[in-house]
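So you can see what is in the structure, the chains are spelled out below.
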Amino acid sequence: MFSTSANRENSNAEKYQARLKKFGREDILPLWVADMDIDTPSFVVDALKKRLEHPIFGYETMPDSAFEAQIAWMKRHHGLLVDRENMFFSPSVLTSLNLAIQAFSKIGDEIIIQPPVYPAFASSILNNQRVVVENSLKVEDGDYTFDLEDLKKKITPKTKLLLLCSPHNPVGRVWKKEELLELSSICLEHNIIVVADEIHCDLAFKKHTPFALLYQQTVTLLSPAKSFNLSGMAISTITLHDEELKKRFEQHYKAVHLGEGNTLAHIAFEVAYSNGEVWLSALKKHLQENIDELDKLLNTPNSPIRFRKPEATFLLWLDCRGLNLENEALADYFVEHGLGLNKGIDFGLEGKGFMRLNIGLSRNIFEQLLLKLKNILIEKNQCTTFTRKEV
Ligand SMILES: Cc1ncc(COP(=O)(O)O)c(C=O)c1O
């Protein structure tokens with residue numbers, strides 16, 4: 001099912017289109033932007049084709065049936081119960097994150113992030129002239145977790161929001177209910193609103209706990225974009241779980257007028273949530289096979305590149321400290337070997353020596369990645385079973 005995928009060269013795909021600008025070369029495998037080199041499910045494409053048979057694209061509102069499809073999905077898969085009236089359309093999760101920052105804080109207020117984390121969290125805070133407060137994740141028993149003692153120290157009367165990435169990009173954690181409960185009790189004590197970016201929740205390989213199940217002062221951001229490879233459709237939702245917060249949010253939401261989304265996005269959204277179960281479980285199996293194969297290749301005793309197997313997402317947080325290269329030099333090293341990855345340092349200072357690799361790839365592209373990684377291992381004398389290939 002995922003053995004090949006459509007050629008994205010010259011399809012205006014950002015990760016291909018921007019290669020020259022970002023990496024200085026076009027002849028690299030682009031494994032940076034977080035979408036997949038995997039075809040969007042055919043049942044979604046078929047529904048879009050059917051709609052195109054109708055020749056009028058006039059005004060629309062986002063249909064209740066689309067919201068209801070997401071509500072039913074969230075109930076079935078994650079046990080989250082939501083009312084349609086508490087949900088709003090948004091073209092992107094990042095739009096929603098910015099709206100929540102604007103609605104629930106003012107210029108100069110402090111907002112907590114937990115780096116290393118998706119870089120747009122910090123930039124959204126700064127773009128809105130709020131103050132970024134870093135509550136870095138800590139490594140415990142070989143894996144990342146919240147540093148709650150540090151969090152308590154960082155909270156001041158100016159702290160209004162915490163941006164939670166759950167599951168976490170880039171470290172791949174699916175936060176345990178107990179971890180989230182501890183976090184929520186600190187937020188409750190200090191009256192902090194939590195913006196829960198749960199865009200990756202349907203790509204969790206273990207049980208995901210929606211933060212809103214534990215904490216009413218949550219703004220939940222959801223989207224089918226990652227799981228069904230629909231980012232170009234620009235459709236997502238914002239859900240409020242508290243009446244007072246909803247009123248405050250709604251006032252701001254009306255003032256910016258986002259519209260209601262577009263005709264094709266409404267269809268893709270509804271169809272994905274209504275019919276996506278079988279496809280998504282096959283996708284998750286495929287992603288885990290990719291991860292397992294890289295685990296075998298990279299996580300050997302003296303490998304200079306290692307990773308913890310992610311509990312969610314198609315993103316691997318590669319620990320490249322064994323290559324002994326600094327930030328630019330490390331990124332350049334991968335480019336020289338034909339790979340365009342994200343620099344770990346872009347996710348926070350904690351990412352020094354790390355790179356983020358996207359393995360959301362069909363088999364034919366994944367094999368190109370394997371060859372390029374094997375060449376690196378051969379160069380580092382860590383791979384005796386392969387001979388170098390020009391790739
Ligand atoms: C955690 C997280 N939030 C938000 C986004 C962006 O979502 P959108 O394109 O809907 O703004 C990404 C994309 O990589 C992400 O990883």
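Here is what the cut-offs are and how they apply
- Residues numbered from 1 in each chain as written.
- Predicted model: local features only at pLDDT ≥ 70, side-chain atom pairs only at ≥ 80, totals over all residues.
- Heavy atoms only, no water.
- Phe/Tyr/Trp six-rings, centres within 6.5 Å; stacked < 30°, edge-to-face > 60°.
- Lys NZ or Arg CZ within 6 Å of the ring centre and 35° of its normal.
- Pairing = 2+ DSSP bridges.
- Helix = DSSP H or I, 4+ residues; strand = E, 2+ residues; numbered from the N terminus.
- Axes fitted to C-alpha atoms, helices over the stretch in contact; angles between N-to-C directions.
- Contact = heavy atoms within 4.5 Å.
- Buried < 20%, exposed > 50% of the residue type's maximum accessible area, 1.4 Å probe, protein only.
- Near = heavy atom within 4 Å.
- Polar contact = N/O pair within 3.5 Å; in protein donor to acceptor, adjacent residues only side chain to side chain.
- Areas by Shrake-Rupley, 256 points an atom, 1.4 Å probe, with all protein chains shown as cover.
- Nonpolar A, V, L, I, M, F, W, Y, C, P; charged D, E, K, R; others polar.
- 1 Å grid on protein atoms, 1.4 Å probe; cavity = no way out; pocket = protein on both sides within 12 Å on 5 of 7 lines; lining within 4 Å.
- Points joined across faces, edges and corners; volume = space filled by probe spheres on them.
- Domains from an automatic or database assignment.
- Buried area = accessible area lost by both parts, 1.4 Å probe.
- Salt bridge = Lys/Arg side-chain N within 4 Å of Asp/Glu carboxyl O.

1. Side note on the packing of aromatic side chains
- Here the structure, examined in full by the defined rule, presents 17 aromatic pairs.
- Taken together, the aromatic side chains of Phe2, Trp73, Phe228, Phe269, Tyr273 and Trp279 make up a single cluster linked through ring pairs.
- When the ring centre of phenylalanine 67 is taken as reference, the NZ or CZ atom of arginine 84 above it lies at 3.7 Å.

2. With respect to the sheet that holds strand β8 (residues 193-197)
- Reading across from one edge, β2-β10-β9-β8-β7-β3-β4 is the order of the seven strands in this open sheet, with mixed pairing throughout. In the strand order of this sheet, the two ends are held by β2 (87-90) and β4 (131-134), each with one partner. Averaged over neighbouring strand pairs, the angle between their axes works out to 25° when direction is ignored.
- As defined by bridge partners, strand β9 (residues 218-222) adjoins strand β10 (residues 236-240) across four bridges and the pair is classed as antiparallel. Looking across to β10, one finds that threonine 220 is bridged to threonine 239.
- Helix α4 (residues 64-78) contacts β2, β9 and β10 of the sheet and is inclined by roughly 115° relative to β2.

3. Let's talk about the pairing of strand β11 (residues 315-319)
- Taking burial as the measure, the five residues of β11 include five buried ones, the bulk of the element.
- Residues Leu315, Trp317 and Asp319 point to one face of β11 and Leu316 and Leu318 to the other, with burial holding for every one of them.

4. Some remarks on unusual backbone geometry
- Between proline 115 and the following residue, proline 116, the backbone shows a cis peptide bond with an omega angle of 5°.
- Tracing the backbone shows proline 116 in the loop between β3 (110-113) and α6 (120-127).
- A cis amide bond links serine 166 with the next residue in sequence, proline 167, at an omega value of -5°.
- If you trace the backbone, proline 167 turns up in the loop between β7 (159-165) and α8 (177-189).
- Of note, glutamine 129 is a non-glycine position whose phi angle comes to about 55°, a positive value.
- Topologically, glutamine 129 is positioned in the loop between α6 and β4.

5. Notes on the sheet that holds β11
- Spatial strand order, β11-β14-β13: three strands in an open sheet with antiparallel pairing. The open sheet is flanked by β11 and β13 (342-343), the only strands paired with a single partner.
- Of the strand pairs in this sheet, β11 and strand β14 (residues 354-358) are connected by five bridges, and their pairing is antiparallel. In the sheet register, leucine 318 faces β14, and the bridge partner there is methionine 355.
- The strands that helix α13 (residues 327-336) touches are β13 and β14; relative to β14, the one it contacts most, it runs at about 35°.

6. Section: the site of the ligand
- Contacts to the ligand come from Ala34, Ser92, Val93, Leu94, Tyr118, Cys165, Asn169, Asp197, Ile199, His200 and Lys226.
- Here valine 93 contributes a backbone N or O atom positioned 2.8 Å from an oxygen atom of the ligand.
- Considered on its own, the ligand offers 390 Å² of accessible surface; in the complex 88% of this is hidden by protein.
- Taken together, the residues that form the shell around the ligand break down as six nonpolar, three polar and two charged.

7. As for the layout of surface pockets
- Approximately 680 Å³ is the volume found for the largest pocket.
- Those elements that place two or more of their residues in the lining of the largest pocket are α5 (93-104) and α9 (225-228).
- When the residues that make up the lining of the largest pocket are grouped by side-chain class, the tally is 15 nonpolar, six polar and seven charged.
- When we break the lining of the largest pocket down by domain, the ones giving at least three residues each are domain 1 (14-41 + 277-379) and domain 2 (56-275).
- Size it by volume and the second largest pocket reaches roughly 490 Å³.

8. Quick look at the environment of isoleucine 56
- With respect to the secondary-structure elements, isoleucine 56 resides in the loop between α3 (42-52) and α4.
- Classification of isoleucine 56 by relative accessible area gives exposed; the value is 54%.

9. With respect to the environment of leucine 163
- Mapped onto the secondary structure, leucine 163 falls in strand β7.
- The class for leucine 163 is buried, based on a relative accessible area of 1%.
- In the structure, leucine 163 is positioned 126 residues away from glutamate 289 in sequence and 31 Å away in space, judged by C-alpha atoms.
- In this view, leucine 163 contacts Leu97, Ile101, Ile111, Ile112, Ile113, Gln114, Phe121, Ile125 and Val195; residues no more than four positions away in its chain are not counted.

10. Quick word on the side chain of arginine 8
- By secondary structure assignment, the location of arginine 8 is in the segment before α1 (14-17).
- Given the relative accessible area of 17%, arginine 8 is considered buried.
- Discounting chain neighbours no more than four positions away, the residues touching arginine 8 are Ala13, Lys15, Tyr16, Asp35, Met36 and Asp37.

11. Some remarks on the domain arrangement of the chain
- Domain boundaries in the chain define domain 1 (14-41 + 277-379) and domain 2 (56-275).
- A straight line from the C-alpha centre of domain 1 to that of domain 2 covers 25 Å.
- Contact with domain 1, which involves 27 residues of that partner, is made by 33 residues of domain 2.
- Buried surface at the junction of domain 1 and domain 2, both sides included, amounts to about 2800 Å², of which 56% is carbon and sulfur.
- On the domain 1 side of the contact with domain 2, Glu277, Arg308 and Glu311 bury the most area, a combined 27% of that side's loss.
- Along the contact surface separating domain 1 from domain 2 lie four salt bridges.

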